[in-house]
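Coordinate analysis (summary)
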Amino acid sequence: MLSRFLGAVAAMVVVVAASNVLVLYPFQVQLGGINLADLLTWGAFTFPFAFLITDLTNRYDGPRNARLVVLVGFLVGLALSFYLSFHPLPWNAGGASATTQRIALASAAAFVTGQLLDISIFSRLRAVRAWFLPPLVASLFGSLIDTTIFFTVAFAPFLAGIDALFGLQDGSLAFPAPFLGIGPEVPLWISLAAGDFMVKFLAALVLLAPYRALMGRLKPLPPLGNVAALR
């Protein structure tokens, strides 16, 4: 059953690495009079899957195995993110939107904090009869802290010194943009953070469907410390 653990880790790495890249690309869609690029990035659509992976692992394999998936996925995803920060993707050779070390650090801090909070809340609610409450509540609180940490560290102007430490230009997103595309002008990073959380909120609801579909189809695994049981 080691293959399931490795599969969960691989899925987590893909989600983290993809989100680190896609968060740099605004969602260039016009919805009526609202320019969604002012409040959304493509990363908002991929990262919520991390909570689905964590919650399914937590439910069927326990919080210890879930933390291992988060830890291993974090370490590999962080390494891949730093690799991408020094090696821009072919279609982004100019580096204008390349993943930076600051974004990699922000992602790491946000990911670990948000996922561990998700695991803690899910574990406390796992005995609740309503099947949807543990994944929904855990994902929402985990997403809130993840979004707050990531956009603050990655794009808030008062943390521009992180870019300077790596000899990079200030990558802060402090220039004004309409809040959520329709409100008064605020720094772009604040609008992006608000839009990002709104998408994660909706994603938490949508991802209840695959969570429910997989309930009962996965068999619990023994703790990963029991090596013999994994063979």
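One can find the structure itself at the top, above this paragraph.
So, here is what we can say about the structure in this document. In this convention, every chain numbers its residues from 1, walking through the sequence in written order. Where totals are concerned, whole chains, interfaces and linings use all residues; where local detail is concerned, this predicted model gives features only for residues with pLDDT of at least 70, and gives and counts side-chain atom pairs only at 80 or more. Only heavy atoms go into the side-chain values, all of them from the structure, while hydrogens and water stay out.

**A look at the packing of aromatic side chains**
Where we set the bar: Two aromatic rings from Phe, Tyr or Trp, using only the six-membered ring of Trp, form a pair when their centres are within 6.5 Å; if the ring planes differ by under 30 degrees the pair is stacked, by over 60 it is edge-to-face, and anything between is tilted. In DSSP terms, a helix is any run of H or I states spanning at least four residues, a strand is any run of E spanning at least two, and both are numbered starting from the N terminus. Here the term buried applies to any residue with accessible area under 20% of the maximum for its type, exposed to any over 50%, and partly exposed to those in between, with areas from a 1.4 Å probe on protein chains only.
A complete count under the given rule lists 11 aromatic pairs for this structure. When the centroid spacing of 6.2 Å and the interplanar angle of 80° are considered together, the rings of phenylalanine 47 and phenylalanine 111 count as edge-to-face. Placement of phenylalanine 47 in the loop between α2 (43-46) and α3 (48-86) and of phenylalanine 111 in helix α4 (residues 101-125) is noted, with a sequence separation of 64 residues between them. With respect to class, phenylalanine 47 is no different from phenylalanine 111; both count as buried. Plain terms: the ring middles of phenylalanine 150 and phenylalanine 155 are 5.9 Å apart, the flat faces sit at 85° to each other, and that makes the pair edge-to-face. Take phenylalanine 150 and phenylalanine 155: they sit in the same class, and that class is buried. Clustering of aromatic rings is evident, with ring pairs tying together Phe47, Phe51, Phe74 and Phe111.

**Considering helix α7 (residues 188-206)**
Given 3.6 residues to a turn, an α-helix orients residues that are three or four positions apart in the same direction. Put simply, the rule reads: Expected helix span is given by 1.5 Å per residue-to-residue step, counting one fewer step than there are residues.
With 19 residues, α7 extends 27 Å between its outermost C-alpha atoms, agreeing within 8% with the 27 Å of an ideal straight helix rising 1.5 Å per residue. Within the sequence span of α7, burial applies to Leu188, Trp189, Ser191, Leu192, Ala193, Gly195, Asp196, Val199, Lys200, Ala203 and Ala204.

**Some thoughts on the pattern of salt bridges**
This is how the line gets drawn: Between Lys or Arg on one side and Asp or Glu on the other, a salt bridge is scored when a side-chain nitrogen of the former is within 4 Å of a carboxyl oxygen of the latter.
Going through the model one piece at a time under the given rule, you end up with four salt bridges. Among the ionic pairs, aspartate 170 bridges to arginine 102, the shortest N-O distance being 3.6 Å. With aspartate 170 in the loop between α6 (161-165) and β3 (176-178) and arginine 102 in helix α4, this pair connects stretches of sequence that are 68 residues apart. On the basis of relative accessibility, which here comes to 1%, the residue arginine 102 falls in the buried class. A salt bridge links aspartate 146 to lysine 200; the shortest N-O distance between them is 2.7 Å. A residue pair is termed long-range when its members are at least 10 positions apart, and aspartate 146 in helix α5 (residues 133-155) and lysine 200 in helix α7 qualify at 54 residues. In this structure, aspartate 146 and lysine 200 share a single accessibility class: buried. Through salt bridges with shared partners, one network takes in Arg102, Asp163 and Asp170.

**Digging into the packing of helix α1 (residues 2-22) against α4**
To keep it simple, the criterion reads: Angular values range over 0 to 180 degrees, each being the angle between N-to-C directions of two axes fitted as lines to C-alpha atoms, with helices fitted over their stretch in contact. An angle below 35 degrees is treated as roughly parallel, one above 145 as roughly antiparallel, one from 65 to 115 as roughly perpendicular, and anything else as oblique. Two helices crossing with the near one rotated counterclockwise from the far one by less than a right angle form a left-handed crossing, whereas a clockwise rotation gives a right-handed crossing. Two residues qualify as a contact provided that any one of their heavy atoms is within 4.5 Å of a heavy atom in the partner residue. Classification used: nonpolar for Ala, Val, Leu, Ile, Met, Phe, Trp, Tyr, Cys and Pro, charged for Asp, Glu, Lys and Arg, polar for all others including Gly.
Close contact between α1 and α4 brings their axes to 10 Å; oriented N to C, the two are set at 135°. One element, α1, and the other, α4, form an angle in the oblique class. The interaxial crossing formed by α1 with α4 has right-handed handedness. Here Met12, Val16 and Asn20 of α1 lie close against α4, whose contacting residues are Ile103, Ser107, Phe111 and Gln115. Classifying every residue of the contact of α1 with α4 by side-chain character gives four nonpolar, three polar and no charged.

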